[in-house]
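These are the residues of each chain, in order.
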Amino acid sequence: MSNPQTFQIQEISAHPGPVPGEGTRREEEVCKYIDVTTCIGCKACEVACVEWNDHPFRETTFDDTYQTMPSTEWNYWNLIKFAEDERDGNLMWLMRKDQCMHCEDPGCLRACPADGAIIKYENGIVDFQQDNCIGCGYCISGCPFDIPKFNEKTKKVYKCTLCSDRVGQGLEPACIKACPTGCLHFGTKSEMVQIAGLRAKQLREVSGFANAGVYDPSSIKGTHVIYTLHDINTPERYGLPKNPVIPPSYTYWKWTAKPIGLLMAGLGLLAVFFHRVSVGPKLPQPEPPTIETGPREEIEAGRKETP
Amino acid sequence: MSSPANSFDEKARGEFAQLGKTRIHRGELLRHPVYTRFLHWSVAIFFILSLLTGFAIYSPWLFRWIAPLCGGGARTRALHPWFSLVFLVFFFFQFINWVAPMAWTAADRRWLGRLKQYATNEDRLEAEEVGFFNGGQKLYFLAIVLSGVLFLITGLLMWFDNVVGRWVVAVSYVVHDLAALLMLAGLIIHIYEGTAHQPGTFRSVIDGTVTEKWAWTHHPAWYRAVTGRDPRQAYERERRRQVERERVIESWEREQDEREKLNK
C-alpha cells in the first residue's frame, strides 16, 4: 500500500461528490528567493540553520567584519556575508545570505566519482549522501560557489540540504521560517522568479537602483536559490561569480574524453591479443625451420605425413 | 654505452645478492640480479594496486565494479595515494638502479626507425647495436619517469586541495588522467612484450636468467658485452649446430628403421 499523501488522488471508492483536490497541478521545482535589499544582517537564519540541523556552534575566526566566520563550514551551512561597498560616496553595506545555490546543472554532482554520493531531486534540491561519499573532494573543485566543505574527521563533504527533510514534509526551510524581515521567500521556481522580478522592477523604478536585477545565472541553467541584487551587473561585489562555470574537467573531460580513453585501453588489450594471434611470437633465434607454404611443398609435406 | 654491466646500482645489488641468489645454468646468462627483481615486483605490485584503486575513481563505469574489491569507495580513496607513494619510492630506487643503462643513444633512435619491422616480427634478430635495453624499453622507462613526476605533483595538489584553488584541482584532475593513460598504454605493451610476444623473457624477472639464444636474438650488444663473443657468429654457429643435429638424428632414425626391417 502506498502512502496516499504522496500521490494526487483521482478517484475514491464509494465517495459521493467530487474528489478533493482533483485536477490540482503542483509545480515540482522549488526555489528559495533572497531579497538582499531587505536583509538586515540579523543572522536569525544562521541560528535557525544550526538549530534545525543540530550542529554545535563552532569556533569562529574574527576578521574585523560583522561576519560570523570567513566562509561557510562543513557544519555551518548558512552564512550572512557582509561586504562594505560604496554608493554616492557613502558606505553601502551589502549583506548576502550565502549557502548552497542548488544549481540546475550542479558542478558538484558532475565532478563526483562515487555512485550515489550526490543526488539531485526533481524539485531541484541537490543533496549529499554522506554514506556514499568517498571524501575525494572533487565536488569542492566542481562548485562555482565554494560551498561543499570537507570534514577532516569523518572524511566526508557536507553542505546545505535546502532542508530537504523539511521540504519533503511540506515545510519551508528553517532559514526561511526564521527571517524577521521577510527578505527570505520559499515556493515554486516560477513564483519566486516572478516575485524577484517584481521586486527588481520596484527597485529600478521606485528606489533608484537603475541596475537592480535577479541573479539566476544561466551558465549553470539557473539555480534554485535566487537573489535580487541592487546591481545585477556586478554580482562580484556580493561575492557572487558573474558567470559561474563548472570546470570542463568535470564535464567534457570526465564524461566524454575519459570514456574514450578507457575504450582505447580496452582496444589496446584486444590489439596485443590479436597481434599475438595473427603475427605470432618472436622466438629466440635460430628457431626450427618453417615449412614453406607454396603449393608443391604442401603436397610434399602432405605426402610425407600420411603413412 | 660501452659497458652497461658496470653502471647499475652495484652497492645495493651486492647487498641483495647476500639475501637471495640466482642459479645460472649452462647456456644461460644473468639478466636481472635479486635486487632488480625485488624492485621490479615491488614496483609492479604497488603500481597494480594504485591502478586498481585509481581506476575505481577514474570512471563512474568502473566505480561499482572495482570499489567493492578495494573495500568500498571511501577506503579506495584513502588507500590510493598511499599505494602510489610506495610505488614511487620503489620506482625511485629502480630509477637509480637503471638510470645509466636507460640513457638514450643514437642506436635507440635507429631502433625507433625500425619500429615497424620490430612490430611485424620482420627482424627476427635485433640489430647488433641493441644493448641491455632497446629503444622501446627506454621509452617506457621515460614514460614512467614522466608520468611518475606528473602523478606526484598533480596527486599532491588534489590530495591537499584545501590549500590550492579549485581550478588547480580541476587541471590536475585532467593531467593525472593523462599520466595514467600514458602509463597504462606502456604497461599493456610492457606485459605483452615480456610474456606472450617474446617467449623466454618473463623468466628474466623470476629466475633472473635468460638463455644465450635469447640474448643474442634480442640484445646482441649486451650479449657481446657479457660474453665477449660475437652475437652474429654465435647465432650462425647455433644455426649450423641445429642443422647438423637434425641431420644426425634423421640419419640415426633411418638406420634404426632399416635395422628393424631386417630383424623382421
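Conventions we followed
Residues numbered from 1 in each chain as written. Chains lettered and ligands numbered in written order. Predicted model: local features only at pLDDT ≥ 70, side-chain atom pairs only at ≥ 80, totals over all residues. Helix = DSSP H or I, 4+ residues; strand = E, 2+ residues; numbered from the N terminus. Rg over C-alpha atoms; globule rule 2.2 N^0.38 Å. Buried ≥ 20, exposed ≤ 12 C-beta atoms within 10 Å, placed from the backbone. Contact = placed C-beta atoms within 7 Å. Core = buried A, V, L, I, M, F, W, Y, C linked by C-beta atoms within 7 Å. pLDDT = per-residue confidence, 0-100. Nonpolar A, V, L, I, M, F, W, Y, C, P; charged D, E, K, R; others polar. Pairing = 2+ DSSP bridges. Domains from an automatic or database assignment. Axes fitted to C-alpha atoms, helices over the stretch in contact; angles between N-to-C directions.

(A) Representation of the overall build of chain B in the model. If you tally the helices and strands in chain B, you get eleven helices and two strands. Relative to its length of 264 residues, chain B is extended, with a C-alpha radius of gyration of 24 Å against a globular reference of 18 Å. Along the longest, intermediate and shortest principal axes, the C-alpha atoms of chain B span 90 × 50 × 40 Å. Each of the 264 residues in chain B was classed as buried or not, and the buried ones make up 32%. In chain B, 61% of the contacts between residues at least 6 apart in sequence involve partners at least 24 apart.

(B) Summary view of the overall build of chain A. Regarding its fold elements, chain A presents eight helices and ten strands. Its C-alpha atoms give chain A a radius of gyration of 31 Å, more than 25% over the compact-globule value 19 Å for 307 residues. Once the C-alpha set of chain A is aligned to its principal axes, its extents read approximately 110 × 70 × 40 Å. Within chain A, the fraction of its 307 residues that count as buried is 35%. Sequence-distant contacts in chain A: of pairs separated by 6 or more residues, those separated by 24 or more amount to 57%.

(C) Region of interest: the nonpolar core. In terms of nonpolar packing, the biggest core is built from 107 residues, with Cys 108, Cys 112, Ile 118, Cys 139, Cys 175 and Ile 226 of chain A touching the most fellow members. Ranked by residue count, the leading element in this core is helix α2 (residues 34-58) of chain B, at ten residues. Not counting residues up to four positions away in its chain, the partners in contact with Ile 118 of chain A are Cys 108, Leu 109, Cys 112, Val 126, Phe 128 and Cys 139 of chain A.

(D) The confidence of the model for chain B, seen in detail. Residue and element names in this part refer to chain B. This prediction gives chain B a mean pLDDT of 93; 97% of its residues lie at or above 70. When mean pLDDT is taken per element in chain B, helix α7 (residues 135-159) scores highest with 97 and helix α1 (residues 10-19) scores lowest with 84. Scored below 50 in pLDDT, residues 1-5 shows twelve contacts in the model against residues more than four places distant or in partner chains. Across the interface, the model reports ipTM at 0.87; the global pTM reads 0.88.

(E) Just the interface of chain B and chain A, in detail. The interface is formed by 44 residues belonging to chain B together with 34 residues belonging to chain A. When residues in the side of chain B that touches chain A are grouped by element, the largest group, 16 residues, is from helix α8 (residues 166-197) of chain B. Residues of the side of chain B that touches chain A, tallied by class, amount to 23 nonpolar, twelve polar and nine charged.

(F) Examining the pairing of strand β3 (residues 90-98) of chain A more closely. Residues and elements named next belong to chain A. Bridge analysis of strand β2 (residues 79-87) against β3 gives nine bridges, and the strand direction is antiparallel. Its bridge partner being in β3, Phe 82 is matched across the sheet by Met 95. In sequence, β2 turns back onto β3 through a hairpin of two residues, with Asp 88 there showing a positive phi of about 50°.

(G) Up close: the environment of Phe 93 of chain B. Residue and element names in this part refer to chain B. Here Phe 93 lies in helix α4 (residues 73-98). Phe 93 gets classed as partly exposed once you count the C-beta atoms within 10 Å, which come to 16. For the pair Phe 93 and Val 130, spaced 37 residues apart in sequence, the C-alpha to C-alpha distance is 25 Å.

(H) Layout of unusual backbone geometry. All names here are of chain A. A cis amide bond, omega 0°, links Gln 285 with the succeeding residue Pro 286. Positionally, Pro 286 belongs in the loop between α7 (252-278) and α8 (295-305). The phi torsion at Ala 14 lies on the positive side, around 50°, for a residue other than glycine. Position of Ala 14 among the secondary structure elements: in the segment before β1 (30-35).

(I) Broad picture of the pairing of strand β10 (residues 225-229) of chain A. Residue and element names in this part refer to chain A. With five of five residues buried, β10 is to be regarded as a mostly interior element. Residue alternation in β10 divides its side chains into two sets, Val 225, Tyr 227 and Leu 229 and Ile 226 and Thr 228, and both sets are buried. Where β1 meets β10, four bridges bridge the pair, whose relative direction is parallel. Paired with Asp 35 across the bridge in β10 is Thr 228. Pairing geometry for strand β9 (residues 213-215) and β10, over three bridges, is antiparallel.

(J) Region of the structure containing the domain arrangement of chain B. All names here are of chain B. Taken domain by domain, chain B consists of domain 1 (4-229) and domain 2 (231-264). Placing the centre of domain 1 and that of domain 2 at their C-alpha centroids yields a distance of 43 Å. On the side of domain 2, six residues touch domain 1, which itself brings eight residues to the contact. At the level of elements, α9 (212-218) and α10 (220-227) are the ones that each hand at least two residues to the side of domain 1 that touches domain 2. When residues of the side of domain 1 that touches domain 2 are assigned to their parent elements, the largest contribution, three residues, is made by α10.

(K) The sheet that holds β10 of chain A, seen in detail. Residue and element names in this part refer to chain A. Taken together, four strands build an open sheet; the order of strands is β8-β1-β10-β9 and the sheet is mixed. The open sheet has two edge strands with one neighbour each: β8 (184-188) and β9. Direction aside, neighbouring strands of the sheet carry axes that sit 25° apart on average.

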